[in-house]
Amino acid sequence: MSLVDELRDAVGGEHVLTDPDVVAGYVTDWTGRYAGHTPAVVRPATTGEVAAVLAVCRGVRHPLVPQGGNTGLVAGGVPLAGEVVLSLRRLATVGPVDLAAGQVTAASGASLAEVQRAASAAGWAYGIDLSARDSATVGGMVATNAGGVHVIRHGHTRAQLTGIEAVLADGSVVRHLAGLDKDNTGYDLAGLLCGSEGTLGVITAARLRLVAAPVAPVAALAAFDDVATAVAAAATARRSVASLQALELLLDDGVELVAGELGVRRPFAARHAAYLLVEAETGGSIAAFAGAIDGLAGAVDVAVADDPERRRALWLVRDRHAEAIALLGPVLKLDVAVPLSVLGDFVDALPGVVEGAAPGARTWRFGHAGDGNVHVNVTGFGDRAEAATEAVLSLTAQHGGSISAEHGIGTLKRRWLHLSRTPEEIAAFRSLKRALDPDGILNPNALLPPE
Ligand SMILES: Cc1cc2nc3c(=O)[nH]c(=O)nc-3n(C[C@H](O)[C@H](O)[C@H](O)COP(=O)(O)OP(=O)(O)OC[C@H]3O[C@@H](n4cnc5c(N)ncnc54)[C@H](O)[C@@H]3O)c2cc1C
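Residue positions are counted from 1 within each chain, in the order its sequence is given. Whole-chain, interface and lining totals are the exception, using all residues; otherwise, since this is a predicted model, local features are given only for residues with pLDDT of at least 70 and side-chain atom pairs are given and counted only at 80 or more. With hydrogens and water stripped out, all remaining heavy atoms of the structure feed into the side-chain values.

Novice: Tell me about the pairing of strand S9 (residues 202-212), residues and numbers included.
Specialist: Summary of the burial criterion: residues with accessible area below 20% of their type's maximum are buried, those above 50% are exposed, and those between are partly exposed, where the area comes from a 1.4 Å probe applied to protein chains only. Helix and strand definitions here come from DSSP, where helices need a minimum of 4 consecutive H or I residues and strands a minimum of 2 consecutive E residues; each element is numbered from the N-terminal end. Burial within S9 is extensive, with 9 of its 11 residues counted as buried. Two strands qualify as a pair provided that DSSP identifies no fewer than 2 bridges between them. Of the strand pairs in this sheet, strand S5 (residues 103-107) and S9 are connected by 5 bridges, and their pairing is antiparallel. Paired with Ala106 across the bridge in S9 is Ala206. Pairing of strand S6 (residues 124-126) with S9 involves 3 bridges; the strand directions are antiparallel. When the bridges of S9 are listed, Trp124 appears paired with Ala212. Across 6 bridges, strand S7 (residues 161-167) lies against S9 in antiparallel orientation. Its bridge partner lying in S9, Leu161 is registered against Leu208.

Rendered as structure tokens:
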């Protein structure tokens, strides 16, 4: 029997996609820069069917790439070397919310928005938010340890994870979903699979911690004449703004692009070099929040939004950066983090090193000012993508940073893993990979550099 026929046996013929038009959306990544090919996209509906698909692939040693919403930005979820695509989107059950524990178990194909809605309906909230919320899935977010705008308050995905269910390469199912806050019974498999980018197991469900829904959140945008002053103000905001929920850095060119390309309303009549978008839970006491924002040294213009509509309007300026930049053509997405003490210098140095490596390219910078995370987007790089990547990642390493803040390594960055990890760490990664996936069938071209 052929591979495709065996896969049809495992999940049913209608859930094995081979028509090139239908498959196209699964083999091309969100940026459109990476397109691969696959013998089939397989869409199991249960954990048992996932195990059956793995058994088929292991039997013929054909590698597979797990895929959720395909919003990943490091080319880790698309079949660049002819892998089978294992789409988890049909495993989409959420809930019910465990009201006593404040937790929910969600299947891996549920979207972030679905988890947020389930939490909200039960009077809770989920601590992660990012603008790809309608498509990004629980499995993808766990596999990449996704961050987003509320890391400053609630931590990244690993901090929300209290249990996991996953299918390992040998077809065995590891399930540990009780969600006990105290549970020191050996290796933390959930923590290990979190951030493993589909290389150690296929996540089929996650037990997620919920948080109290924010009471009267208020947002403000503060404008500054230069990046260094905005970064210094971000440090002050972390001290002086109570119950901070988000702290985002925007620059003039990005705000102008979002306004010009997408018609999003400019926040102020005048242009400014840099902006901080600050959001906090005020519990109704807006005056203290507004006072803290007004008190940020160097703030030359401030807008405070306390009603949902104005808050949404301020967030649109931030949320639609990726979309506006994508309109300019192919985008190199280089999400990095540096220590906060050097964030301002790093942001200022970026355009110069990119220009040196890829003359004529443009560098767009925005990100999470509270945790040193800069989303470096490069457009107009022509055939100099490798050189621009090398320049940005090397600059990051020189500043003592991480070459991946929250998107993972994928295929895009694996050549540069050594900039953030020692040879001994990479050797330990390889030992784990060999132990859990001896045949190398799970996403073999992601995360680890070729030996
Ligand atoms: C507009 C936009 C904004 C974004 N903002 C943020 C942000 O603020 N913070 C952030 O962290 N990310 C952000 N991202 C990146 C992306 O949304 C996250 O990486 C997200 O976690 C990917 O989820 P996904 O379901 O789309 O995964 P995919 O793209 O489908 O896959 C991502 C990786 O996870 C693996 N994988 C997927 N599902 C499973 C599974 N069930 N089991 C094992 N491995 C699996 C894949 O093999 C791949 O390596 C953004 C993306 C876009 C397009």
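Novice: Before we move on, can you summarise the site of the ligand with the specific residues and values?
Specialist: We call a residue near a molecule or strand whenever a single non-hydrogen atom of that residue lies within 4 Å of it. Near the ligand lie 36 residues; those nearest to it are Pro66, Gly68, Thr71, Gly72 and Thr137. Two N or O atoms count as a polar contact when they lie within 3.5 Å, although within protein this holds only if one can serve as hydrogen donor and the other as acceptor, and sequence-adjacent residues are included solely when both atoms are side-chain atoms. Thr137 places a polar side-chain atom, nitrogen or oxygen, 2.6 Å from an oxygen atom of the ligand. Residue Met141 places a main-chain N or O atom 3.5 Å away from an oxygen atom belonging to the ligand. Surface accessibility follows the Shrake-Rupley procedure with a 1.4 Å probe radius. Residue values consider only the protein chains on display as shielding. Calculation on the ligand without its partners gives an accessible area of 970 Å², and the protein chains cover 96% of this total. Of all elements in the fold, only strand S3 (64-67), helix H5 (138-144) and S9 reach the threshold of two or more residues within the shell around the ligand. Among the elements that line the shell around the ligand, the one with the most residues is H5, at 5 residues. Here the term charged refers only to Asp, Glu, Lys and Arg, the term nonpolar to Ala, Val, Leu, Ile, Met, Phe, Trp, Tyr, Cys and Pro, and the term polar to all other amino acids, Gly among them. Its residues assigned to classes, the shell around the ligand shows 13 nonpolar, 21 polar and 2 charged.

Novice: Talk me through the sheet that holds strand S2 (residues 41-42); I want residue IDs and the actual numbers.
Specialist: If you walk across this open sheet you meet the 4 strands as S1-S2-S4-S3, and the pairing is mixed. The open sheet is flanked by strand S1 (16-17) and S3, the only strands paired with a single partner. Contacts from helix H3 (residues 47-59) reach S2, S3 and strand S4 (84-87), with the element oriented near 170° to S4. The contact criterion used throughout is that any non-hydrogen atoms of two residues lie within 4.5 Å. Lines are fitted to the C-alpha atoms to define the axes, a helix being fitted only along its stretch in contact, and any angle between axes, read from their N-to-C directions, falls within 0 to 180 degrees.

Novice: Lay out a negative patch on the surface with the relevant residues and their values.
Specialist: What makes a patch is a set of residues exposed beyond 30% relative accessible area and free of salt bridges, joined within 9 Å when like-charged and within 5 Å when nonpolar (Val, Leu, Ile, Met, Phe, Trp, Tyr). A side-chain nitrogen of Lys or Arg and a carboxyl oxygen of Asp or Glu constitute a salt bridge if their distance falls within 4 Å. When charges are counted, neither His nor the chain ends are considered; positive counts come from Lys and Arg and negative counts from Asp and Glu. Charge positions are represented by NZ for Lys, CZ for Arg, CG for Asp and CD for Glu. Taken together, the side chains of Asp225, Asp226, Asp345 and Asp348 present a region of like negative charge at the surface. Among the secondary structure elements, Asp345 is positioned in helix H14 (residues 343-357). Classification of Asp345 by relative accessible area gives exposed; the value is 54%.

Novice: Any details on the pattern of salt bridges? Residues and values, ideally.
Specialist: The final tally for this structure, using the stated rule, is 23 salt bridges. A salt bridge links Asp253 to Arg362, with the shortest nitrogen-to-oxygen separation between them at 3.9 Å. Here the residue Asp253 occupies a position in helix H10 (residues 252-262), and Arg362 occupies one in strand S15 (residues 362-368), the gap between them amounting to 109 residues. Put simply, Glu425 and Arg421 hold a salt bridge, and the shortest N to O gap is 2.7 Å. Residue Glu425 is classed as partly exposed on the basis of its relative accessible area, which comes to 29%.

Novice: I'd like a rundown of the pairing of strand S14 (residues 331-337), residues and numbers included.
Specialist: Most of S14 sits inside the fold, with 7 of its 7 residues counted as buried. Here S14 shows no split at all, with Val331, Lys333, Asp335 and Ala337 on one side and Leu332, Leu334 and Val336 on the other all buried.

Novice: Give me the environment of Asp439: which residues, what numbers.
Specialist: In this structure, Asp439 sits in the segment after helix H16 (423-436). Residue class for Asp439 comes out partly exposed when judged on its relative accessible area of 34%. Taking the C-alpha atoms as reference points, Asp439 and Gly198, separated by 241 residues in sequence, lie 14 Å from one another. If near-sequence neighbours (up to four positions away) are discounted, Asp439 is found in contact with Arg58 and Arg61.

Novice: Give a description of the side chain of Thr396 that names residues and reports values.
Specialist: Within the secondary structure, Thr396 is located in helix H15 (residues 385-398). We classify Thr396 as buried; its relative accessible area is 0%. Beyond its immediate stretch of four places on either side in the chain, Thr396 contacts Val336, Ala337, Val338, Phe346, Gly401, Ser402 and Ile403.

Novice: Explain the side chain of Asn377 to me, using residue names and the numbers behind them.
Specialist: Tracing the backbone shows Asn377 in strand S16 (residues 373-379). Within polar-contact distance, the side chain of Asn377 engages the side chain of Lys333 at 2.7 Å. When near neighbours in sequence (up to four residues on either side) are disregarded, Asn377 contacts Ile325, Val331, Leu332, Lys333, Arg362, Thr363, Trp364 and Phe366.

Novice: Any details on the environment of Leu130? Residues and values, ideally.
Specialist: Tracing the chain through its elements places Leu130 in the loop between S6 and H5. In the structure, Leu130 is positioned 293 residues away from Pro423 in sequence and 33 Å away in space, judged by C-alpha atoms. If we ignore the near neighbours within four places in the chain, the residues touching Leu130 are Leu112, Ala136, Ala146, Gly147 and Gly148.

Novice: Before we move on, could you go through helix H11 (residues 286-294) and cite the residues and values that matter?
Specialist: Those residues of H11 that fall on the buried side of the exposure criterion are Phe289, Ala290, Ala292 and Ile293. Around the axis of H11, the buried residues are gathered within 160° of arc, so they sit on the same side. Relative to its buried face, H11 has exposed residues pointing more than 90 degrees away, namely Ala287, Ala288 and Asp294. Here the arc refers to the set of directions running from the helix axis out to each C-beta atom.

Novice: Summarise the sheet that holds S16; cite the residues concerned and give the values.
Specialist: Sheet strands pair by backbone hydrogen bonding; their relative direction is either parallel or antiparallel. The antiparallel open sheet is built from 7 strands, whose spatial order is S13-S10-S12-S11-S15-S16-S14. Among the strands making up the open sheet, the edge pair consists of strand S13 (301-305) and S14. Between one strand axis and the next, the sheet turns through 15° on average, direction left out of account. Looking at chain direction, S15 and S16 are connected through 7 bridges and run antiparallel. Its bridge partner being in S16, Thr363 is matched across the sheet by Val378. Against the sheet, helix H12 (residues 308-319) touches strand S10 (217-224), strand S11 (244-251), strand S12 (274-281), S13, S15 and S16, its axis set at about 50° to S10. Of the strands in this sheet, S11, S14, S15 and S16 touch H14, which is tilted by about 160° from S15.

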